[in-house]
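Chains, contacts and geometry: an overview
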Amino acid sequence: MTDSEKEVAQQSLQERNTTSKDGTSSEELEFDYTEEEEAIVRRKIDWHTVPLVTLLYMLCFLDRINIGNARIQGLAKDLDIVQGVRFNWALSIFYIIYLLVEVPSNILLKAIGPRFYLPLLVCGFGLVSLCTAFVKDFTGLMVARAFLGIFEGGAMPGMAFFLSCFYKRNELLFRIGIYVSAASIAGAFGGLLAAALSQIPSWGVASAQIHTWRNIFFFEGLITIIIGLLAPIWMPTDPSTAYFLSERERKIAAERLLREHRSDPAKKVTWRDIKAAVFCIHNYTCALAFFLINITVQGLSVFLPTILNDLGWTNTQAQLYSVPPYVCACVVAIAVAWLSDKSGQRGIWLGSFACLAVVGFAILRWVENTNVRYMAVFFVTIGAFPGGPGFLSWAMNNSAGPSVRAITSAYVVTLGTIGGIVATWTYIYYDGPKYHTGHTINLIGQIVTACCALFGVLYCARENRVRAAGKRDHRLEGLTEDEAEELGSRHPRFRYWT
């Protein structure tokens, strides 16, 4: 955001905070709009943010999980990582680097702005994916995965924060649900694309032949770079400067968020904001659940082709059979996000679908029949995939102010990413083809996820009752109006989503 844009936003906030004797702000008295106008603005924002972010995250996830598709197309054999845990280490290094850069990346995003920063990350991980096509050994693969973690680390929390700057709390999960559903789209599309790209005849110079699994990395990386370079043309910076809105519509877009969040969108991240995010109990509830969801989602995303291959299907069949569970997961995740926004509830939906994943992993753990086990994969993907965007949105819904939300989104994803590291060790070579250990870990994880959802509902409902009874009003004693607004989600009038 430029200095002039910050001045406009600050001036709008100051006008909004100028109140009349009856407590009505002068901004609300002078500027008003209808629900129809707001709906028109929201639809325009939808068309210019959600599809683009969904596409970018699909590419992000595709470049992350294509190593699983490449593995059964010859990568493991060519790089001598068929046996042992070398493949698991190649997955782990990505998540270790990934979690270290998430919070710093979101702070940079808040300072630089999303229009060029997010596409820069996209171009970065696209370039790394393309270069992975040329690795010759295990060491080269480790280096490539480490650099991939650097660029992908800021993508998911950055895109979530970007959307939170355009939408109200009751609008957010549906939009985040759509873009995070790109993970399941990538899983489905990745299997089809990998099956097709691996059939391209060998090409390139004699010293760097591109074939089978190398085609997967090369062409998927190239596509990502091209789209990343084009993204700034379509991507807006913030509601108050959105190029696709008229002057009045920009004012409506900014004002509707100011009226809900009562905070300055141009405010820089401070240590107070960091503390508000780090010391929030609800954030840790969501982060623990996100951690457990990640064990399942990230583990399946990389190992599902191998799991299906070990059920007795050929390499190409395993790629193709991985598509339907992801398609179903995508549809259900979007539906759950929409229903959750409409009902104003988070925990009940998240807990219910975690129970479905529990059933799926119980079947995978103890049932031998191949067709029944394949059905269980549907239960697992449908039950687990809505959890990621759900718990992330829940944490952001209950964080007041854009600066705190920026830290919250990155912090929750950072803690959750540790689950990605665990996921890389849940399905190891020695445990195949039944993978009892991996399925047991995920079974327990989904049980605890359901418990986290229940605890979150009870905690938030109790806190709302306490505040409604006036038992948190002492927090306002001796504070000016501006100081009271700085309380954020600790303000007695703030209500948590359950």
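Here the structure is a predicted model, which means the values were calculated and not measured.

Calculation rules
Residues numbered from 1 in each chain as written. Predicted model: local features only at pLDDT ≥ 70, side-chain atom pairs only at ≥ 80, totals over all residues. Heavy atoms only, no water. Helix = DSSP H or I, 4+ residues; strand = E, 2+ residues; numbered from the N terminus. Rg over C-alpha atoms; globule rule 2.2 N^0.38 Å. Buried < 20%, exposed > 50% of the residue type's maximum accessible area, 1.4 Å probe, protein only. Contact = heavy atoms within 4.5 Å. Areas by Shrake-Rupley, 256 points an atom, 1.4 Å probe, with all protein chains shown as cover. pLDDT = per-residue confidence, 0-100. Expected span 1.5 Å × (residues − 1). Bend = angle between axes of the 7 residues up to and from the residue.

1. A short note on the overall build of the protein chain
The number of helices and strands found in the protein chain is 21 helices and zero strands. The C-alpha atoms of the protein chain give 23 Å as radius of gyration, which agrees with the globular expectation for 498 residues (23 Å, within 12%). Overall, the C-alpha framework of the protein chain stretches about 75 × 50 × 40 Å when taken along its three principal axes. Counting across all 498 residues of the protein chain, residues that qualify as buried make up 58%. Taking all contacts inside the protein chain whose residues are at least 6 apart in sequence as the whole, residues at least 24 apart take part in 80%. Counting only carbon and sulfur atoms, one obtains 65% of the accessible surface of the protein chain, whose full area is about 19900 Å².

2. Thoughts on the confidence of the model for the protein chain
Mean pLDDT over the protein chain: 84, with 92% of residues reaching 70 or higher. With pLDDT under 50 throughout, residues 1–29 is counted as low confidence; its partners more than four residues away or in other chains account for 44 contacts.

3. A short note on the side chain of Arg 64
Assignment of secondary structure puts Arg 64 in helix α3 (residues 35–78). Owing to a relative accessible area of 0%, Arg 64 belongs among the buried residues under this scheme. With sequence-adjacent residues up to four places away left out, Arg 64 is seen in contact with Tyr 57, Phe 94, Tyr 95, Tyr 98, Arg 145, Leu 148, Glu 152 and Gln 298.

4. A word on α3
With 44 residues, α3 should cover 64 Å at 1.5 Å per step; its first-to-last C-alpha distance of 60 Å lies within 8% of that length. Its maximal kink placed at Arg 71, α3 deviates by approximately 85 degrees. Buried residues dominate α3, accounting for 32 of its 44 residues. Among the residues trailing α3, Asp 80 stands out with phi positive, at a value near 60 degrees.

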